[in-house]
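For reference, the chains in residue letters:
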Amino acid sequence: MPDQRVVEPEYLLLEAPREKKFITGSQAFAEAVKRANVDIAIAYPITPQSETMHLVGDLYAQGYVKDYYRAEEEYGAMSAIAGAVRGGARAFTATSGPGLLRGLEAIVSWPGHRIPVVLGVMTRVVNAPLSIQPDNIEISYLLNAGLVVLHAENQQDVFDFTLAGFVISEKVDVYLPVVVATEGFFVTHAKGYVQMPSEDMKLPPRDPYKAPVPPTDCEIPPARIQRDAPVQKSNFMSYLIHAVWQQEVWSANRRAMKWIYKYLGGPVEVVNPDAEVFIVASGCAAAQGREAQRYAEQEGLPVGLVKVKSLRPFPEKEVREALKNAKAVIVPEHNIVGWLAKEVKSVIPNSGIVIDGPRVYGGMTLPVELIMEEIYKALGIKKEKKTVV
Amino acid sequence: MGLEYVRISPGFERYMPRDYVDLVKFGQFGKQVDVMQLGQFKELVEEHPMCAGCYMAYFIRVFYAALPNPEDTIVLGTAGCARLALSQAAVPFIYGNYGDTNAVASGLKRALTIRFPDKVKDVVVIAGDGGLMDIGFGMTMHSWFRGEKFTTIMVDNEVYGNTGGQESGMSPKGVQLKMAPLGKKFDKINAVELAQVAGCVYVARISPTNPKRIAKVIRRAIYAAREFGPTFIHAYTSCNIEYSIPTREVLKDAREREKKDFKFYEWMTDEVKEYLEEIERKEKEKAKQEVK
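Residues numbered from 1 in each chain as written. Chains lettered and ligands numbered in written order. Predicted model: local features only at pLDDT ≥ 70, side-chain atom pairs only at ≥ 80, totals over all residues.

### As for the overall build of chain A
When helices and strands are counted, chain A shows 13 helices and 16 strands. Relative to the 2.2 N^0.38 estimate, which gives 21 Å for 389 residues, the radius of gyration of chain A is 21 Å and therefore close to what a compact globule would have. Along the longest, intermediate and shortest principal axes, the C-alpha atoms of chain A span 70 × 55 × 45 Å. Every one of the 389 residues in chain A was classed for burial, and the buried ones make up 54%. When contacts within chain A are restricted to residue pairs at least 6 apart in sequence, long-range pairs at least 24 apart make up 80% of them. (Helix = DSSP H or I, 4+ residues; strand = E, 2+ residues; numbered from the N terminus. Rg over C-alpha atoms; globule rule 2.2 N^0.38 Å. Buried ≥ 20, exposed ≤ 12 C-beta atoms within 10 Å, placed from the backbone. Contact = placed C-beta atoms within 7 Å.)

### Considering helix H4 (residues 74-86) of chain A
Residue and element names in this part refer to chain A. Taking 1.5 Å per residue as the helical rise, H4 with its 13 residues ought to reach 18 Å, and the 18 Å between its terminal C-alpha atoms agrees with that figure. Along H4, 13 of the 13 residues are buried, which leaves the element largely enclosed by surrounding structure. Looking one or two places after H4, you find Gly 88, whose phi comes out positive at around 100°. (Expected span 1.5 Å × (residues − 1).)

### Observations concerning the sheet that holds strand E6 (residues 118-123) of chain A
Spatial strand order, E4-E3-E5-E6-E8-E7-E14 (chain A): seven strands in an open sheet with mixed pairing. Either end of the sheet is taken by a strand with one partner, and the two such strands are strand E4 (67-70) and strand E14 (310-312) of chain A. For this sheet, the mean angle separating the axes of adjacent strands, direction not counted, is 20°. Lying over the sheet, helix H5 (residues 101-115) of chain B contacts strand E3 (40-43) and E4 of chain A, oriented at roughly 155° with respect to E3 of chain A. (Pairing = 2+ DSSP bridges. Axes fitted to C-alpha atoms, helices over the stretch in contact; angles between N-to-C directions.)

### Structural notes on the packing of helix H10 (residues 284-298) of chain A against helix H13 (residues 368-379) of chain A
All names here are of chain A. H13 packs onto H10 with a crossing angle of 55° between their chain directions and a minimal axis gap of 9 Å. Our classification of the angle between H10 and H13 gives oblique. Between H10 and H13 lies a crossing of right-handed hand. Touching Gln 288, Gly 289, Glu 291, Ala 292, Tyr 295 and Ala 296 of H10 are Val 368, Ile 371, Met 372 and Ile 375, all from H13. Split by residue class, the contact of H10 with H13 holds seven nonpolar, two polar and one charged. (Parallel < 35°, antiparallel > 145°, perpendicular 65-115°, else oblique. Left-handed = near helix turned anticlockwise from the far one by under 90°. Nonpolar A, V, L, I, M, F, W, Y, C, P; charged D, E, K, R; others polar.)

### A short note on the nonpolar core
Counting residues in each nonpolar core, the largest one holds 196 residues, and the members touching the most others are Val 33, Ala 41 and Val 179 of chain A. No other element matches helix H3 (residues 55-66) of chain B, which puts ten residues into this core. Taken together, domain 1 (5-202) and domain 2 (268-379) of chain A each give at least three residues to this core, which thus spans both. (Core = buried A, V, L, I, M, F, W, Y, C linked by C-beta atoms within 7 Å. Domains from an automatic or database assignment.)

### Digging into the interface of chain B and chain A
Counting residues at the interface gives 32 residues for chain B, matched by 34 residues for chain A. Broken down by secondary-structure element, the contributors of at least two residues to the side of chain B that touches chain A are strand E2 (93-95), H5 and helix H7 (137-145) of chain B. When residues in the side of chain B that touches chain A are grouped by element, the largest group, eleven residues, is from H5 of chain B. Broken down by class, the residue content of the side of chain B that touches chain A amounts to 16 nonpolar, nine polar and seven charged.

### Side note on the packing of H4 of chain A against helix H5 (residues 97-107) of chain A
All names here are of chain A. The geometry of H4 relative to H5 is characterised by a closest axis approach of 7 Å and an angle of 35° between their N-to-C directions. For the pair H4 and H5, the crossing hand works out as right-handed. Across the interface between the two elements, Glu 74, Tyr 75, Ala 77, Met 78, Ser 79 and Ala 82 from H4 touch Gly 99, Arg 102, Gly 103, Glu 105, Ala 106 and Ile 107 from H5. Partitioned by chemical class, the residues of the contact of H4 with H5 number six nonpolar, three polar and three charged.

### Let's talk about the domain arrangement of chain A
Residue and element names in this part refer to chain A. Assigned domains of chain A: these are domain 1 (5-202) and domain 2 (268-379). Taking the mean C-alpha position of each, domain 1 and domain 2 sit 26 Å from one another. Contact residues are listed per partner, giving 23 residues for domain 1 and 19 residues for domain 2. Per-element tally for the side of domain 1 that touches domain 2: the top contributor is strand E7 (residues 148-151), with four residues. Class assignment of the residues belonging to the side of domain 1 that touches domain 2 gives a composition of 13 nonpolar, seven polar and three charged.

### Observations concerning unusual backbone geometry
Residue and element names in this part refer to chain A. Cis geometry marks the peptide bond from Arg 312 to Pro 313, where omega comes out at 0°. Among the structural elements, Pro 313 can be located in the loop between E14 and helix H11 (316-322). Positive phi values are uncommon outside glycine, yet Asn 37 reaches one of about 55°. Residue placement: Asn 37 occurs in the loop between helix H2 (25-34) and E3. The exposure class of Asn 37 is partly exposed, given the 19 C-beta atoms found within 10 Å. The phi dihedral of Phe 185 is positive, around 60°, even though this residue is not glycine. Within the secondary structure, Phe 185 is located in the loop between strand E8 (178-183) and strand E9 (191-197). Using a count of 20 C-beta atoms within 10 Å as the deciding quantity, one classes Phe 185 as buried.

Right, dumping it as structure tokens:
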């Protein structure tokens, strides 16, 4: 392990020279953790996440991470993460599909407990019949909890979102957990080019006293919310306490947006803004959408792409602006319910232009041809279908 | 730091609530109190919303008086009756989710160890039979297997008191409770034996009839956890409501159970024994000198 010097987040994230490496998504998670000055990581096996936490375990063995253990199961892991963060440590963990759902009771209470942490989510089928493949329906369970949710398209996003995630989560005006989701296998087990700053630099340590809710460490008086009896009485004060606290959680969630602009170049990426037909996609579907947009451009078709990087806070204004002249919006997704299509419909005035799909699920790949078909349909282009037997 | 954060900043005494000023002036911070003098000093927990005659409330009161280091102690609890009092004490308290105490405490204690390697920060879980032996069972056991250095105290009222009186794994066999309409069909879980097998370095079972003994057991469990590993106290704290024990019979009931299945039991490893003897010898010497 090289001696790591502490550098300012702005330098590490935005200015430091970067070197190109060809690595898997799991490695990209670990490379970010390596530079994040993490105190403790808590692991529990589940495919396809396990490899990430193996690599983080290696970082612990090398001295990059101060403490690490394999938990009893995900509810225990996510609860211990809450304990460690409340004790003032910087923490990281990751999970997938059924593991995420097992840990969900703890995870969705992190925002209310004001737990700044980064959680990697490598998507995988949930529900029955079970499989280990990268369906991403689990992300929809995370959208209503107050968590900041970023969705990575590729290995580069995984690295950038994870490293920036630690910085954003600990901002005093945010102070919320940041989820970095990406598709299992497609991203975690495949290699891609990742530009990374040198590994001899790391973020400054967490300062738990720079916080809207102080740590519980007997060094500083605790906040009232930590002291008072849980608000479980049936009276107006208890309703009010919960209500104002959750309002603040969601306000903090929206305040993350300015940091997403600062560190990640904004919550959306728009390709060909003057197009008539747009593909709106996140995660791996955005990679396929990007290909479809490229095909369409080669064919001279007026097609654009809106890649959504941040699902929470959702870029309402940005999506509305990007789609203001759109005639049709195609939303390709890796799940059966179409959670992104619903989000998009909810923020534009003319939701009728949104085409639900194409969707694949159960972990199937999303062929670019499926998106092209929708593009042709939207533009009224008739293509003969060739069936090759 | 401990004491620093409880102290009132100069000039602010007259603006602080009377209760808080008393707590700092006449309370336990920075000194050891004798539990036999309960009522003669400002206690860490005074008002609580627990039922009249609740033995758990009494136990918790003695627990706070027994703390060796209240200004550097963090208490964790979970859903159930105990947290109603724990959350109102003048000691930082963490209430997470259902049955998560021993997982949260594991993360918390490790974080404090990373951040304050040279300071004593005691972490103590006080949860009920349901929280520790039913819903949180896996996390309780695994915190012991892992050798996490904190104390777990089970306040066992043999029932889910706070949700209306349902059977728990710690209810005695045959007792008719809600969700056990024909009576409980299996034995009370042997928590003490489990703790020993799972790696606790100090284990005690107690029916809290003797405050001096309660205090001694609590202090021993906390001291041992600092140095050696997980410690566990199983305390009988009857639910006089669900088990219909008349308020004035509560102590009598505890004495009766003490003769039956809650006989005082204490077990510790040899190194813990040696360590505690040394601490207690020093404490006695210090007390003697103070008398002089």
